[in-house]
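The residues making up each chain are set out below.
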Amino acid sequence: DGTRAGWLRSVGFLAVALLIEALGAVVLIEKADFAASFAWNLKFRDALGFSELWKLLKGLGVIVFPGFLFLAQLAAYMTLHFGRAIKSEATVAPPPLREEIRFGAPAIVAAVLAAVFVLAAMPPTAWRRPAKSDMIFVDRGVVSFTRPDYTRYGESAGGMFGMLPEYVRLFGCKAVVVKDIPEILDPSKTLVLTNLDQDLGAETLRRVWDFVEKGGGLWLLGDHTFIKNGRNHLNEILQPTHISFNNDSAQFFPQGWFHSYRFPQGTPFSGLGDDAENRPGILVGASLEIRTPAEPLVMGRFAYADLGLDKEEGDRGYLGDFKYQPAERLGDLVLVAGERHGRGRVLVFGDTSSFFNNNLTRSFELLRCCVAWLGQPNWWSFYTTLAGRIAAAALAAGFVGLAFVWRARTLGVAVLLAVATISFVTHGNGGLPEYDKTFARERLAVIDFSHQPNASKHSAMENGLHGVSINLMRHDMLPITANVWDAALLDDAKYLFLIAPRQPLGGGERGDLMDFMKRGGTVVLTCGYLDAGGCRELLERMGCEIGDTPLGRFFNLQAFGQPVSFMSAWGISKVPPDAKILCGSPDWPLIVALPHGQGELVLIADSEFLHNRNLEGHSNHDPANTAFIKNLLDSTLR
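To keep things clear, this report deals only with the structure shown in the data block. Residues take numbers from 1 onward in each chain, read along the sequence in its written order. It should be noted that, the model being predicted, local features are given only for residues of pLDDT at least 70 and side-chain atom pairs only at 80 or more, the latter also being counted only at that level, while totals for whole chains, interfaces and linings use all residues. As a rule here, side-chain values come from all non-hydrogen atoms in the structure, and water together with hydrogens is ignored.

Thoughts on the overall build of the protein
Rules: Elements are defined by DSSP. Helices are runs of H or I of four residues or more, strands are runs of E of two residues or more, and each kind is numbered from the N terminus. Exposed residues in this analysis have more than 50% of their type's maximum accessible area, buried residues have under 20%, and partly exposed residues fall in between, with area computed by a 1.4 Å probe over protein chains only. Only the protein chains shown count as covering a residue, and every accessible area follows the Shrake-Rupley method with a 1.4 Å probe.
Helices and strands together make up the secondary structure of the protein, namely 17 helices and 21 strands. The buried share of the protein, reckoned over its 638 residues, is 50%. Here the protein displays about 29900 Å² of accessible surface, and carbon together with sulfur accounts for 59% of that area.

Some remarks on empty space enclosed by the protein
Worth spelling out the cut-off: Points on a 1 Å grid over protein atoms alone make up a cavity when a 1.4 Å probe fits among them but cannot get out, and a pocket when they form an open set with protein on both sides within 12 Å along at least five of seven lines; lining residues each have an atom within 4 Å of a point. Grid points are joined across faces, edges and corners, and a volume is the space filled by probe spheres set on the points. Here the term charged refers only to Asp, Glu, Lys and Arg, the term nonpolar to Ala, Val, Leu, Ile, Met, Phe, Trp, Tyr, Cys and Pro, and the term polar to all other amino acids, Gly among them.
Counted according to the given criterion, the structure contains five cavities of 30 Å³ or more. The space that makes up the largest cavity amounts to roughly 150 Å³. When contributions to the lining of the largest cavity are tallied by element, the ones reaching two or more residues are helix 9 (360–374) and helix 13 (466–474). Broken down by element, the lining of the largest cavity gets its largest block of residues, four residues, from helix 13. Here the lining of the largest cavity is built from residues that sort into five nonpolar, eight polar and three charged. Roughly 70 Å³ of internal volume is contained in the second largest cavity. Lining the second largest cavity are V446, D448, A482, V484, W485, D486, L489, L490 and L496.

Concerning the sheet that holds strand 15 (residues 495–499)
As a reminder, the rule being used: Only strands joined by at least two bridges in the DSSP assignment are considered to pair. Every axis corresponds to a line fitted to the C-alpha atoms, with the helix fit spanning only the stretch in contact, and the corresponding angles, defined between N-to-C directions, vary from 0 to 180 degrees.
Read across the sheet, seven strands follow the order 14-13-15-16-21-20-19 without closing on themselves; strand pairing throughout is mixed. Looking along the sheet, the strands with just one partner apiece sit at the ends: strand 14 (478–482) and strand 19 (580–584). On average, each strand axis in the sheet is inclined to that of its neighbour by 15°, with strand direction left out of account. Two strands pair when backbone bridges link them, and strand 13 (residues 444–448) and strand 14 are joined in this way by five bridges, in the parallel orientation. Bridge assignment links L444 to a residue of strand 14, and that residue is L478.

Some thoughts on the state of the cysteines
What makes a disulfide is a covalent bond joining the sulfur atoms belonging to two cysteines. Put simply, the test is: The disulfide criterion is simple: two cysteine sulfur atoms within 2.5 Å.
In this structure the tally under the stated criterion is zero disulfides. C369 carries a free sulfur, and the closest cysteine sulfur to it, the one in C370, is 7.0 Å from it. Looking at the unpaired C544, the closest cysteine sulfur is the one in C535, lying at 9.5 Å. Since its relative accessible area comes to 2%, C544 is described here as buried.

Some thoughts on the sheet that holds strand 3 (residues 190–194)
Adjacent strands of a sheet form backbone hydrogen bonds with each other and so pair up, either parallel or antiparallel. Defined as follows: It only takes one pair of heavy atoms within 4.5 Å for two residues to be counted as in contact.
Taking strand neighbours across the sheet as the criterion, the eight strands line up as 2-1-3-4-12-11-9-7 in an open arrangement whose pairing is mixed. One side of each edge strand has no neighbouring strand; the edge strands of this open sheet are strand 2 (175–178) and strand 7 (261–262). Relative to strand 11 (residues 333–341), strand 9 (residues 295–300) runs antiparallel, the two sharing five bridges. When the bridges of strand 11 are listed, M299 appears paired with V334. Where helix 7 (residues 202–213) meets the sheet, it contacts strand 3, strand 4 (217–221), strand 11 and strand 12 (344–349), and its direction lies at approximately 120° from that of strand 12. Contacts between helix 9 and the sheet are confined to strand 1 (135–138), strand 3, strand 4, strand 9, strand 11 and strand 12, with strand 12 contributing the most and set at about 155° to the helix.

A short note on the pairing of strand 15
For clarity, the threshold we go by: The handedness rule is simple: strands pointing away from the viewer, and a clockwise path from the first strand over the helix to the second, make the crossover right-handed.
Strand 15 sits mainly inside the fold: five of its five residues count as buried. Residues Y495, F497 and I499 line one face of strand 15 and the alternating positions L496 and L498 line the opposite face, and both faces are buried. One ladder, built from three bridges, connects strand 13 with strand 15; its direction is parallel. Bridge pairing in strand 15 places I447 opposite F497. In this structure, strand 15 lies alongside strand 16 (residues 522–526), joined through five bridges in parallel fashion. Each bridged residue has a counterpart across the sheet, and for Y495 the counterpart in strand 16 is T522. Crossover handedness for the path strand 15 to helix 15 (residues 507–518) to strand 16: right-handed.

So, helix 13
In an α-helix, one turn spans 3.6 residues, which is why side chains three or four residues apart end up on the same side. Burial analysis of helix 13 places nine of its nine residues in the buried class, the great majority of the element. D476 sits one or two residues past helix 13 and shows a positive phi near 70°.

Some words on the pairing of strand 2
Summarising the sheet, strand 1 and strand 2 pair through four bridges and their orientation is parallel. When the bridges of strand 2 are listed, V138 appears paired with V178. Crossover handedness for the path strand 1 to helix 6 (residues 164–169) to strand 2: right-handed.

What about the pattern of salt bridges?
Keep this limit in mind: Note on definitions: salt bridges are taken to be side-chain nitrogens of Lys or Arg within 4 Å of carboxyl oxygens of Asp or Glu.
Taken as a whole, this structure holds 21 salt bridges when the rule is applied. Here R147 makes a salt bridge to E166, at a shortest N to O gap of 2.9 Å. On the criterion of sequence distance, the pair formed by R147 in the loop between strand 1 and helix 6 and E166 in helix 6 is long-range, its members being 19 residues apart. By relative accessible area, which is 8% here, E166 ends up buried. Here E183 ties to R207 by a salt bridge, and the two come within 4.0 Å at their closest N and O atoms.

Side note on the packing of aromatic side chains
Given two aromatic rings, their pairing is described by the distance between the two centres and the angle made by the two planes. Where we set the bar: Any two of the Phe, Tyr and Trp rings considered here, Trp counted by its six-membered ring, make a pair once their centres fall within 6.5 Å; the pair's planes then place it as stacked at under 30 degrees, edge-to-face at over 60, or tilted in between.
Per the counting criterion, the structure on display carries 18 aromatic pairs. Between the aromatic rings of F137 and F145, the centroid separation amounts to 6.0 Å while the plane-to-plane angle is 70°, which identifies the pairing as edge-to-face. Accessibility classification places F137 together with F145 in one group, the buried group. On the basis of an interplanar angle of 75° and a centroid distance of 5.8 Å, the ring pair of Y304 and Y324 is categorised as edge-to-face. You can see Y304 sitting in strand 10 (residues 303–307) and its partner Y324 sitting in the loop between strand 10 and strand 11, a full 20 residues away along the chain.

A few points about a nonpolar patch on the surface
Using the following cut-off: Think of a patch as exposed residues, more than 30% relative accessible area, with no salt bridge, where like charges cluster within 9 Å and nonpolar side chains (Val, Leu, Ile, Met, Phe, Trp, Tyr) cluster within 5 Å.
Taken together, F253, Y324 and L330 make up a surface patch of nonpolar side chains, about 270 Å² in accessible area. Examined against the element boundaries, F253 turns out to sit in the loop between strand 6 (248–252) and strand 7.

Written as structure tokens, this is what we have:
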């Protein structure tokens, strides 16, 4: 009708229509599920003909179909809108520019219902702030709390769970390792049991479950087909719950659970990503059997439950035949589950791989979610269930109430848009524990993967960074890999490692780095001339430049009074007067320390210097470079 209110109604209608079509697109994508099969074929097929490629790609049409439907709706609406407007101009006087909004009883009812709907639409993660639960790790069973040290190298250098208690401390939790379950258990703490292979005894089990009933946390880490002496001691512990270990191996189809994870909404785990990198670190463990009121927290979609054998065959540990059989469960395996028990909580993992020392640099995000879930009050779970059940009813009631509001159509549209906006903004991964800033600034080392570094995300590869992580752990540092640039995370860290960033550092990111160094952080940048474009402006700001003179491989240059090896060295052509040259060839500086504020930037003019093949991989070890990393970390600690 040409009025302001009319245009608002038009915009509101189109917005609602677009949201409905977007919802339709999500449903179609979920049902079609073309992505996994497409990725599977691209990875494991040698070649695809055009006809086969078309069969895979035509599934993409389900994404654009709702868009075409929306365009049809838009065309019909605009035709009717302008047609009515032209007709009304010829026969009817234009309506007033402003409609009166009357706030009668129907309006009040509608406002109340809208407020209820806002609360129902807002997830509990928006406000959740978990308590910090101190953890008691029990060194009993098939478990070892060894840490990386300077006596073991290569594949076995990582050890098992020794760094797990230290990573827990990143999130403000105290941790202690004990040889046996304490006689007195504080209900404000969490008890962590791993791979128990012996009977705890009736009295100990009674104490444990009395502890959980009163509010304590029980975190049970198990493994596939875990049977010892003909008994599954893990399931014996879990008898009071609705969770149990299946006698199987959760075998994935796509390598490393790529694109297979599912993290239910409304839990701290919902913020975890699901991309072509196994950041949760789960490998082949057991699937879990759950019954209400237990809930799945991590699921594996494209997998099968490989049933274990009745008898152990040599060293195979009751494993199955590694082949899918019709009797085995296919898809949607529960990998992690949780349950409220009394006033406490029980968290169960069907695999222990995530928390091996080697994997914690990536799986720290999963660990953070575990700390959040274990520290979450039980009434949050009640709120989650309540919100889910009343959301649909409140939405329907809100629409009915708004329909009875006389001449308040503009208000109705505004309320709906506000509800949609609030719901969109608050559906995040809120409720995760913050880093303990004091502790993190002494121990946290961030390895940046957000700028396409010249390194593999898969740590075991020759160009991976397993050696960097292990040597940081040897020096009592806690390394993590970051796929997304986060200035807040950087503010909590002691070290930042940049490995030949091929995506240029933006102005804001360069500012973050300068602030990081100014307050005492250390940036370690390995970069040769061919990769220097991504960090050239940062180096110019520091008064430094990498030259275009290739120097190649070195084995016997000196740094900190000991030899050091390079893979592909380049000369540094410009060095500021206050720089400290740590290593150089007869003609060129190769490693320099550039001070800034209370911190510094250490530039190593070799993009491959920290790769496994030059430092330490699963099957190789360079003692000279391992010693260099130790000396470098010693020199930068303040």
